[in-house]
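# Notes for the structure review
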Amino acid sequence: MGVGKVFVILGALLTLASTFFLSFFAVGGDFYGSGIGFAFNIGDIMANPGDYVLGETMTVYIVAIVFIVFLVSGVLQLIGLASRAFAIIGSIIVLGVGVTILLAILDVFPDITPYASLLVGEAIAPDVWPFDVALGDASLGVYTLLAGGALGLIGGILGTSD
């Protein structure tokens, strides 16, 4: 197995674990920002977008669609084992969302911070899922997400042929 395939597999596994099992940030109590929190909120976000960011209905829909594509980006990276274009596209999506989440958490661009509320959901199993390891303002999930995107991108660039 080539180095590119190994990087794509590691990147996809990191991406999937970060998205569905780790938190990106803690809000307080048993509420965390995570991919699984967003997945459980999709129905409510589409039905009541004004509850999340006041006066920005269409923008909430657009951000929600980007986050939905983000949820499947780990699978896109795995499909990238057969076609390197999918590995690159999936990794770019992961890196873009990961950097955006990190910038929102660090309050670098305050205009995007309210959209982080789309990711917030109550813990399914408090202190277990999503798993939260605080590293400053951000949690471990953001950094492993960025690492998964970087590994997938490097693997996609190197190529997935044997």
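Quick note: structure is the one above.
Definitions and cut-offs
Residues numbered from 1 in each chain as written. Predicted model: local features only at pLDDT ≥ 70, side-chain atom pairs only at ≥ 80, totals over all residues. Heavy atoms only, no water. Core = buried A, V, L, I, M, F, W, Y, C linked by side-chain atoms within 4.5 Å. Buried < 20%, exposed > 50% of the residue type's maximum accessible area, 1.4 Å probe, protein only. Contact = heavy atoms within 4.5 Å. Phe/Tyr/Trp six-rings, centres within 6.5 Å; stacked < 30°, edge-to-face > 60°. Helix = DSSP H or I, 4+ residues; strand = E, 2+ residues; numbered from the N terminus.

### With respect to the nonpolar core
Counting residues in hydrophobic clusters, the biggest one holds 26 residues, and the most contacted among them are Phe24, Phe38, Leu118 and Val142. If we ignore the near neighbours within four places in the chain, the residues touching valine 142 are Ser23, Phe24, Gly98, Ile101, Leu102 and Ile105.

### Here's the deal with the packing of aromatic side chains
For the coordinates displayed, the defined rule picks out 3 aromatic pairs. Plain terms: the ring middles of phenylalanine 24 and phenylalanine 70 are 6.4 Å apart, the flat faces sit at 55 degrees to each other, and that makes the pair tilted. One end of the pair, phenylalanine 24, is in the loop between helix H1 (3–21) and strand E1 (25–28); the other, phenylalanine 70, is in helix H3 (residues 57–71), and 46 residues separate them in sequence. With respect to burial, phenylalanine 24 and phenylalanine 70 carry one shared label: buried.

### Thoughts on unusual backbone geometry
That bond from tryptophan 129 to proline 130 is cis: its omega, 0 degrees, falls within 30 degrees of zero. Within the element layout of this structure, proline 130 appears in the loop between strand E3 (120–122) and strand E4 (134–135). Within the chain, aspartate 107 stands out as a residue other than glycine whose phi angle is a positive 60 degrees. Inspection of the secondary structure puts aspartate 107 in the loop between helix H5 (84–105) and E3.

### Regarding the side chain of serine 73
Within the element layout of this structure, serine 73 appears in helix H4 (residues 73–79). Among the residues examined, serine 73 registers a relative accessible area of 0% and is labelled buried. Residues in contact with serine 73, not counting those within four places in the same chain, are Thr15, Gly90, Ile93 and Val94.

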